[in-house]
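One-letter residues, chain by chain:
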Amino acid sequence: MCQDRGCCHSCLHYVLDYETPKTLVIQSKAVGFVFRFTQLLVILYVVGYVCVVQKGYQETDSVISTVTTKVKGFAYSNTSDLEHRFWDVADYVIPPQGDHSFFVLTNIIVTPNQTQSRCPELPTPSSICTADCDCTEGHSDPRSNGIQTGLCVNYSDTQQTCEVLSWCPLEIDTNLPKHAMLAAAENFTVLIKNSVTYPKFKFHRRNIMPQINSSYLRRCEFNRITDPDCPIFRLKHIVSEAGEDFQSMAVKGGVLGILIDWSCDLDWWAGKCYPKYSFQRLDNKNPNNSVAPGYNFRFARYYKTPDGEETRTLIKGYGIRFDVIVFGTVPAVSDWVMLTCARKKDLYNKHKVTYLNEDSDSESVSG
């Protein structure tokens, strides 16, 4: 029983006793120096790294952007397939309008006068045959050029292949011109119109600056030194700044990025927020891996003969796709600085915080 009472007494002391910290002052220069030096390091870290380097007093917003492009230029080609041909923007920009990108045709393989008929398949391990039994009527392969008819026919004097129902004659895409057919495309220009918004700060900008007028746009061309604000770019200069040669890249095509950086610091004058342009090749250019290089696609132009037969000209187009990539962040002074360091911090605090009075169903600001 006594033991139980003693236990209860100890518990009451533990619950009801009041403790207060005691400060021990050590009169030691060495200990005091270490303490103050540690405090100084903490202050330098907060002020120097967090505030100055990392700008921890700021809040940021990400960019929302829209881009439109307009390409201009002319070219002339002289080939056996296309004869003498003049090319304008309706011919070499495909499609005419793109979402943050545009494609410029630079080289082509043309297969003219195709009709829907029967012809020998191109020789491959799966299409070479010696008799009709090697071919399956109705068989098709996504990697082939048509639907097999079940017949084995002469492809050449020495070789037979399965006959296919297709657009004939079939395209032979191994004879790519070694020099870009539209070499003059390097002198084409593109006007890039870019608008950005930082919704959090209600900040809007265009890459066409307020001081730019129509007469300036008609004569300017982007140059980092003489015309850094001009939104008109010559294609060969874009490719050159990406570290590539336009004529070499134009043979098999490729993908090139036009990067627009809108990272600005709104702690300073917002009028100093300008776009910064850079250029970079985006597709893989590996000399040790030459499988499926460049950039190409096929399209056709259809015609009707006088007797009503449908024909087409198939074009395998090689060219450069330009992707316009817009990015950036905008930092601005955060509420913490406004509410603690500003001269009118009391006024800001008063209007920053709103108290809700549930009894009177009304609102009041702090103050």
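All figures in this text were calculated on a predicted structure; none of them were measured in a lab.

Caption draft 1: Region of interest: the UniProt feature "glycosylation site" (unreviewed entry) in the protein chain. Feature annotation in UniProt places "glycosylation site" (unreviewed entry) on Asn 187, given in this structure's numbering. By the secondary structure assignment, Asn 187 is in the loop between strand S7 (160–168) and strand S8 (189–198). Since its relative accessible area comes to 38%, Asn 187 is described here as partly exposed. When near neighbours in sequence (up to four residues on either side) are disregarded, Asn 187 contacts Arg 234 and Lys 236.

Caption draft 2: Representation of the nonpolar core within the structure. Residues Tyr 92, Leu 235, Ile 238, Leu 256, Phe 279 and Phe 322 are the most contacted members of the largest nonpolar core, which totals 48 residues. Those elements that place two or more of their residues in this core are strand S2 (64–72), strand S5 (101–120), S8, helix H5 (235–241), helix H6 (246–252), strand S11 (254–261), strand S12 (276–281) and strand S14 (310–327). The element that contributes the greatest number of residues to this core is S5, accounting for six residues. Among all residues touching Phe 279, those that are not within four sequence positions of it are Phe 222, Arg 224, Phe 233, Ile 238, Glu 241, Ala 242, Leu 256, Gly 257 and Ile 258. Formed by eight residues, the second largest nonpolar core is a distinct cluster that contains Leu 191, Ile 212, Tyr 216 and Cys 230.

Caption draft 3: Layout of the side chain of Gln 148. Within the fold, Gln 148 resides in strand S6 (residues 147–154). Side-chain polar atoms of Gln 148 contact the backbone nitrogen of Thr 136, separated by 2.8 Å. With sequence-adjacent residues up to four places away left out, Gln 148 is seen in contact with Ser 126, Cys 135, Thr 136, Glu 137, Gly 138, His 139, Cys 162, Glu 163 and Val 164.

Caption draft 4: Looking closely at the state of the cysteines. Using the criterion set out here, one finds five disulfides in the structure. Covalently, Cys 220 is tied to Cys 230 through a disulfide, its sulfur atoms 2.1 Å apart. Measuring handedness by torsion sign, the sulfur bridge of Cys 220 and Cys 230 sits at about 70° and is right-handed. One end of the pair, Cys 220, is in the loop between helix H4 (214–219) and strand S10 (232–234); the other, Cys 230, is in the loop between H4 and S10, and ten residues separate them in sequence. Exposure class is identical for Cys 220 and Cys 230. Each is buried. In the protein chain, the cysteines engaged in disulfides, taken in order along the sequence, are linked 1-6, 2-4, 3-5, 7-8, 9-10. This cysteine, Cys 133, is not joined by any disulfide, and Cys 135 carries the nearest cysteine sulfur, 8.2 Å off. On the accessibility criterion, Cys 133 (69% relative accessible area) is exposed.

Caption draft 5: A look at the pairing of S5. Buried residues dominate S5, accounting for 14 of its 20 residues. Pairing between S5 and S14: eleven bridges, direction antiparallel. Bridging from a neighbouring strand, Asn 107 pairs with Tyr 318 of S14. Examined bridge by bridge, S5 and S7 share six bridges and lie antiparallel to one another. Of the residues in S7, the one forming a bridge with Thr 115 is Cys 168.

Here is what the cut-offs are and how they apply
Residues numbered from 1 in each chain as written. Predicted model: local features only at pLDDT ≥ 70, side-chain atom pairs only at ≥ 80, totals over all residues. Heavy atoms only, no water. UniProt positions renumbered as here; feature names shortened; annotations may be inferred. Helix = DSSP H or I, 4+ residues; strand = E, 2+ residues; numbered from the N terminus. Buried < 20%, exposed > 50% of the residue type's maximum accessible area, 1.4 Å probe, protein only. Contact = heavy atoms within 4.5 Å. Core = buried A, V, L, I, M, F, W, Y, C linked by side-chain atoms within 4.5 Å. Polar contact = N/O pair within 3.5 Å; in protein donor to acceptor, adjacent residues only side chain to side chain. Disulfide = S-S within 2.5 Å. Pairing = 2+ DSSP bridges.

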